[in-house]
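Structural features, examined
What follows is the residue order along each chain.
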Amino acid sequence: MCGIVGAVSTRNIVPVLVQGLQRLEYRGYDSCGVAVHDASLEGNQGSGLHRARSTARVAELMEQVTKEHLQGATGIAHTRWATHGAPAVHNAHPHFSVGPGVGDAHAAGRVGLVHNGIIENHEALRAALQAKGYEFLSQTDTEVIAHLVDSHYNGDLFDAVQAAIKELRGAYAIAVMHKDEPHRVVGARAGSPLILGVGQNENFLASDAMALAGVTDQIVYLAEGDMVDLQIGRYWIVNQVGKTMEAGERPVKTVRAHSGAVELGPYRHYMQKEIFEQPRAIAETLEGVVSVVPELFDGADGTAAWRVFKEIDNVLILACGTSYYSGCAAKYWIEGLAGIPCNVEVASEYRYRKSVPNPRSLVVTISQSGETADTLAALRHAQGLGMTNTLTICNVATSAMVRECKLAYITRAGVEIGVASTKAFTTQLAGLFLLTLALGQAKGKITESESDHYLEQMRHLPVALQAVLALEPQVVSWAEDFARKNNALFLGRGIHYPIALEGALKLKEISYIHAEAYPAGELKHGPLALVDSEMPVVTVAPNDELLEKLKSNMQEVRARGGVLYVLADANTDIENAPGIHVIRMPEHYGALSPILHVVPLQLLSYHTALARGTDVDKPRNLAKSVTVE
Ligand code: F6R
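Residues numbered from 1 in each chain as written. Predicted model: local features only at pLDDT ≥ 70, side-chain atom pairs only at ≥ 80, totals over all residues. Heavy atoms only, no water.

1. Section: the overall build of the protein
When you go through the protein residue by residue, the secondary structure sums to 19 helices and 24 strands. Projecting the C-alpha coordinates of the protein onto the three principal axes gives extents of approximately 80 × 55 × 45 Å. Relative to its full complement of 629 residues, the protein shows a buried share of 59%. Intrachain contacts of the protein at a sequence separation of at least 6 include 72% that bridge at least 24 residues. When the accessible surface of the protein is summed, it comes to about 23,500 Å², and 49% of that surface belongs to carbon and sulfur atoms. Looking at the protein, you have 54 positive and 68 negative side-chain charges, and the mean spots of the two groups are 2 Å apart. (Helix = DSSP H or I, 4+ residues; strand = E, 2+ residues; numbered from the N terminus. Buried < 20%, exposed > 50% of the residue type's maximum accessible area, 1.4 Å probe, protein only. Contact = heavy atoms within 4.5 Å. Areas by Shrake-Rupley, 256 points an atom, 1.4 Å probe, with all protein chains shown as cover. Lys, Arg positive; Asp, Glu negative; His and termini not counted. Charge placed at Lys NZ, Arg CZ, Asp CG, Glu CD.)

2. Observations concerning the pairing of strand S9 (residues 195-198)
With 3 bridges connecting them, S9 and strand S11 (residues 218-221) associate as antiparallel partners. Bridged to glycine 197 within S11 is isoleucine 219. Across 4 bridges, the pairing between S9 and strand S10 (residues 203-206) is antiparallel. Paired with valine 198 across the strands is asparagine 203, a residue of S10. Hairpin connection of S9 to S10: 4 residues between the antiparallel strands, including asparagine 201 at a positive phi of 60 degrees. (Pairing = 2+ DSSP bridges.)

3. Some remarks on the packing of helix H15 (residues 461-469) against helix H19 (residues 593-612)
When two helices pack together, their arrangement is given by the angle between the helix axes and by the axis-to-axis distance. Contact geometry of H15 with H19 gives a least axis separation of 10 Å together with a crossing angle of 30 degrees. When the interaxial angle is binned, H15 and H19 end up roughly parallel. As H15 packs across H19, the resulting crossing turns out to be right-handed. In this structure, H15 contributes Leu461, Ala464, Leu465, Val468 and Leu469 to the contact, and H19 contributes Ile595, Leu596, Val599, Pro600 and Leu603. Broken down by class, the residue content of the contact of H15 with H19 amounts to 10 nonpolar, no polar and no charged. (Axes fitted to C-alpha atoms, helices over the stretch in contact; angles between N-to-C directions. Parallel < 35°, antiparallel > 145°, perpendicular 65-115°, else oblique. Left-handed = near helix turned anticlockwise from the far one by under 90°. Nonpolar A, V, L, I, M, F, W, Y, C, P; charged D, E, K, R; others polar.)

4. Some details on the layout of surface pockets
Here the largest pocket defines a volume of roughly 1,000 Å³. Secondary structure elements with two or more residues in the lining of the largest pocket: helix H6 (270-276) and helix H7 (278-286). Its residues assigned to classes, the lining of the largest pocket comprises 16 nonpolar, 11 polar and 15 charged. Lining the second largest pocket we find 30 residues, and of these Cys320, Gly321, Thr322, Lys624 and Val626 sit closest to its centre. Of all the secondary structure elements, the ones that give two or more residues to the lining of the second largest pocket are helix H9 (321-336), strand S17 (361-367), helix H11 (373-384) and helix H17 (496-511). Looking at the lining of the second largest pocket, the element that brings in the most residues is H9, giving 5 residues. Of the residues belonging to the lining of the second largest pocket, the class tally is 15 nonpolar, 10 polar and 5 charged. (1 Å grid on protein atoms, 1.4 Å probe; cavity = no way out; pocket = protein on both sides within 12 Å on 5 of 7 lines; lining within 4 Å. Points joined across faces, edges and corners; volume = space filled by probe spheres on them.)

So, in structure tokens, the structure goes:
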């Protein structure tokens, strides 16, 4: 999703800004741009703010700024993921305000601004600004903020931004500069993340610490409602009630966001790399886990998990997309092994529906990024209803989700760049399985020795995952068939139904093939009508207590001419036959089987997308980190 980089320095900062955008590319974007104050370089009189914008990749923006000799020591840059207005150069950020009545698209700007988020009252503000003579050159909600800041400007950018944001409704992280203040960038955040990077005699703003990898590792996480005034070698942070923060109130943290993590190495795509990183990610997740103890889930501020686990009597999981599906799988574990009632809700639904709060719920948010707007809003909604026992399973230790939950479990997937989530999903499942064991022990449903036994099984997962990855050539031959199809069905039963859901999501998001998942028992209640020889039906068929039922469902498909693609376990009698393609999983893995079965489905979507020639890592219309509603 949209990304922000900003800087106040004494050197030409354009390469740093554009490289910052390059590091944010993984979030997904459809246009990009950079603006600088050309007077901020020594000896340059300057003529105001200048910008370059593009609907091509950031690499092309870099060529453009080099060709146009765009230079400056103060600047802002942005990758845009379109919400209001099509992906087009005139809608790309930075947006300029040139003052009322000057509708010249090429005029050097007076105010320059980049924005992440959505301004809900942009139409009313636009009408009011138009009445004052401001001309709009884009369809964005962002241009409204640029004009609004200009309309409040009276010689001090900070004051103007402070006055402008009072009129905004919605979510924003912004970085703003003014042509008359060449060594200043002002930032503000409400509902969208923004961080401050402290360098040697230079300061930075970014939506994500990753943007500043290799530039500075000294990071301040701005809190909700904060404003920041960036100048050369100094900065001030003012909180939402206008109080200037002391150093201790917004501490500088050392954050290792390695740019090395975004190297592709021998792989063609990040998604491929991340699929193959799963054995290591699971091994790292288990490193240092000697036994399953509540301390694994203690909060960032030291809150003891065991107290919370004793207190709660049910679990409510809130998440979106792939993370939601990991929650759906965990429900089977939490109810089946730990004996605790568990509900799983799509965060964007939960936040708006009238629900019956239970103060004895453990509210669990699951998120790779820890910044997903709907999941954060659902968490805050639950807290607002009095449910204060909160825990997050999250891949980013410094995220808002971790900061705002009492308890946390940080997955060790490492940076996930591919928009389609893979290793984050399997590490979430590993974290959720550990949570099940810890909760089961706290409630006396799982003994310590049972828990140790499960942990032993988990330790074998990296080796088992390697064996599953070795099935890739067989998956490639399936993918050749799928690449020629327009639809696919995925079936599973029990805990493998969420795995079927995840397989269908992966296929549709990167290969654009319409895919649906059903609990296999539902087939004859409707979807069977879709089955004919053009409908491939993927069946997740581990050798569990539901296998015989599943085999009957497979017969129903074959009888209608549907072609089956079956993930079977080693010790079953499901064999290749006309219309039945079988990939045999290396071994049956009991309760942990979903962690293995999802991997061939990830590979299937990857190779199908490859065969269809789609942009695997940056599928159309999607973004990595969904920080707007
Ligand atoms: C799909 C995918 C998304 C995310 C969803 C939630 O491959 O990645 O469905 O799972 O946007 O994101 P997080 O986990 O960051 O909250």
